[in-house]
Amino acid sequence: MTQDELKALVGQAALQYVVPGEIVGVGTGSTVNKFIEALAGIKDSIPGAVSSSNASTQRLLALGIRVFDAGEVGELAVYIDGADEIDGRGYMVKGGGAALTREKIVAAQSRRFVCIADDSKRVEVLGRFPLPVEVIPMATQRIVRQFQAMGGTAKVRIKDGQPLVTDNGQHILDVTGLRIREPLAFETEVNQWPGVLTVGVFAHQKAAVCLLGTAAGVQTVSY
Ligand code: 5RP
């Protein structure tokens, strides 16, 4: 099975976690795009979605799924999103699509995070994928030095020859060379550095369930 087919498989499998009559939280990325396509098939059973990015909002609206602002609704039953890495405890690295801040906001508003991923995303220790960090540009150089002191190398993410600008008007640092053995402590520490908007470690908002696409089918892992 191709990676694309595995993504479609878990995107479809995630429908079983959508609660009829309830607004669903929707993440961002190529795996979530498959979920959004599947969600369109049952859109009449839900009032709509809260989206974690402009990109997902556009896709949802194009398929006739109503999009609510996070601030106009209460707690969500479920948030469905992909990951760049997931470890054996449900801790994740996210932000490859630069949507990490809004993803963390919608995840925090949801009772249950259901991660959908192909099995290439599974890791023993977080840190293989360059860690995305959304930063306020005036703090970038100091944050780069703080990661350097930890043994990491942080580079500003570039798009079309310019620093990528997120949906929140900020920049992304991608940090390599880290082995994140204590995700909860790491997330707490980096998130309080002045100028860090969000670090892409999702430990406080970890997955409750992961639907992993494997050659043998969908494997469901609960944490
Ligand atoms: C976007 C994300 C995505 O969930 C993550 O990058 C995985 O994306 P994909 O499903 O395309 O592999 O965190 O900010």
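Heads up: these notes are all about the structure in this document.

The rules behind each value
- Positions within a chain are numbered from 1, following the residues in the order the chain's sequence is written.
- pLDDT decides what is reported in this predicted model: residues at 70 or higher carry local features, side-chain atom pairs at 80 or more are listed and counted, and totals for whole chains, interfaces and linings draw on all residues regardless.
- Based on all heavy atoms of the structure, the side-chain values leave hydrogens and waters out of the count.
- Working definition: helices are DSSP H or I runs of at least four residues, strands are E runs of at least two. Numbering for both runs from the N terminus.
- Each radius of gyration is computed over the set of C-alpha atoms, and the globule rule expresses the reference value as 2.2 Å times the number of residues to the power 0.38.
- We call a residue buried when its accessible area falls under 20% of the maximum for its residue type, exposed when it is over 50%, and partly exposed in between, using a 1.4 Å probe and counting protein chains only.
- Note on contacts: a residue pair qualifies if any of its non-hydrogen atoms lie within 4.5 Å across the two residues.
- Each accessible area value is a Shrake-Rupley result obtained with a 1.4 Å probe; residue values ignore everything except the protein chains displayed when judging cover.
- Here the positive residues are Lys and Arg and the negative ones are Asp and Glu; neither His nor the chain ends is included.
- Here the site of a charge means atom NZ of a Lys, CZ of an Arg, CG of an Asp or CD of a Glu.
- Should DSSP find at least two bridges between two strands, the strands are taken to pair.
- Angles here are taken between N-to-C directions and fall from 0 to 180 degrees, while the axes themselves are lines fitted to C-alpha atoms, restricted in helices to the stretch in contact.
- Near is defined per residue: the residue qualifies when any heavy atom it owns lies within 4 Å of the molecule or strand.
- Throughout this description, a polar contact denotes any pair of N or O atoms lying within 3.5 Å of each other; where both atoms belong to protein, one of them has to be capable of donating a hydrogen while the other can accept it, and for residues adjacent in sequence the pair is counted only when both atoms sit in side chains.
- Under the scheme applied, nonpolar residues are Ala, Val, Leu, Ile, Met, Phe, Trp, Tyr, Cys and Pro; charged residues are Asp, Glu, Lys and Arg; polar residues are all the others, including Gly.

Notes on the overall build of the protein
Scanning the protein for helices and strands turns up six helices and 16 strands. Relative to the globule expectation of 17 Å for 223 residues, the C-alpha radius of gyration of the protein, 17 Å, shows essentially globular dimensions. Going through the 223 residues of the protein one by one, you find that 53% of them count as buried. The long-range fraction of contacts in the protein, counting pairs at least 24 apart against all pairs at least 6 apart in sequence, stands at 71%. In the form shown here, the protein has an accessible surface area of approximately 10000 Å², with 50% of it arising from carbon and sulfur atoms. For the protein, the separation between the mean place of its 22 positive charges and that of its 23 negative charges on side chains is 3 Å.

Focus on the sheet that holds strand β5 (residues 85-86)
Strand pairing in a sheet relies on backbone hydrogen bonds, with the paired strands running either antiparallel or parallel. Spatially, three strands are ordered β5-β6-β14 in an open sheet, and the strand pairing comes out antiparallel. In the strand order of this sheet, the two ends are held by β5 and β14 (201-202), each with one partner. Two strands pair when backbone bridges link them, and strand β6 (residues 92-93) and β14 are joined in this way by two bridges, in the antiparallel orientation. Each bridged residue has a counterpart across the sheet, and for Val-93 the counterpart in β14 is Val-201.

With respect to the sheet that holds strand β12 (residues 171-176)
The strand order across the open sheet built from four strands is β9-β12-β8-β13, with neighbouring strands paired in antiparallel fashion. Edge positions in the sheet fall to β9 (153-156) and β13 (196-199), since each has one partner strand and no second. Taking the axes of each pair of neighbouring strands and ignoring which way they run, one obtains an average angle of 30 degrees across the sheet. The sheet contact formed by β9 and β12 spans four bridges and is antiparallel. The partner of Lys-155 across the bridge, within β12, is Asp-174. Contacts between helix α5 (residues 140-149) and the sheet are confined to β8 (131-135), β9, β12 and β13, with β12 contributing the most and set at about 15 degrees to the helix. Contacts between helix α6 (residues 183-191) and the sheet are confined to β8 and β13, with β13 contributing the most and set at about 165 degrees to the helix.

What to know about the side chain of Thr-101
Residue position: Thr-101 is located in helix α4 (residues 100-108). Each residue touching Thr-101, except ones within four places of it in the same chain, is listed here: Glu-134, Asn-168, Leu-197 and Thr-198.

A word on the environment of Asn-168
Tracing the sequence through the fold places Asn-168 in the loop between β11 (162-163) and β12. Sequence separation between Asn-168 and Ala-98 is 70 residues, and the spatial gap between their C-alpha atoms is 9.9 Å.

Remarks on the site of the ligand
Around the ligand sit 17 residues in total, of which Ser-30, Thr-31, Asp-84, Gly-95 and Lys-121 are the nearest. Within the side chain of Asp-81, a nitrogen or oxygen atom sits 3.4 Å from an oxygen atom of the ligand. Compared with its free state, where it exposes 380 Å², the ligand has 90% of that area covered by protein. Classifying every residue of the shell around the ligand gives three nonpolar, eight polar and six charged.

Brief notes about helix α2 (residues 30-40)
For α2, the buried fraction is high: nine of the eleven residues fall into the buried class. Of all the residues in α2, the buried ones are Thr-31, Val-32, Asn-33, Lys-34, Phe-35, Ile-36, Ala-38, Leu-39 and Ala-40. For α2, the elements touching its buried residues are α1 (3-13), β1 (24-26), α3 (54-62), β4 (76-81) and β7 (110-118).

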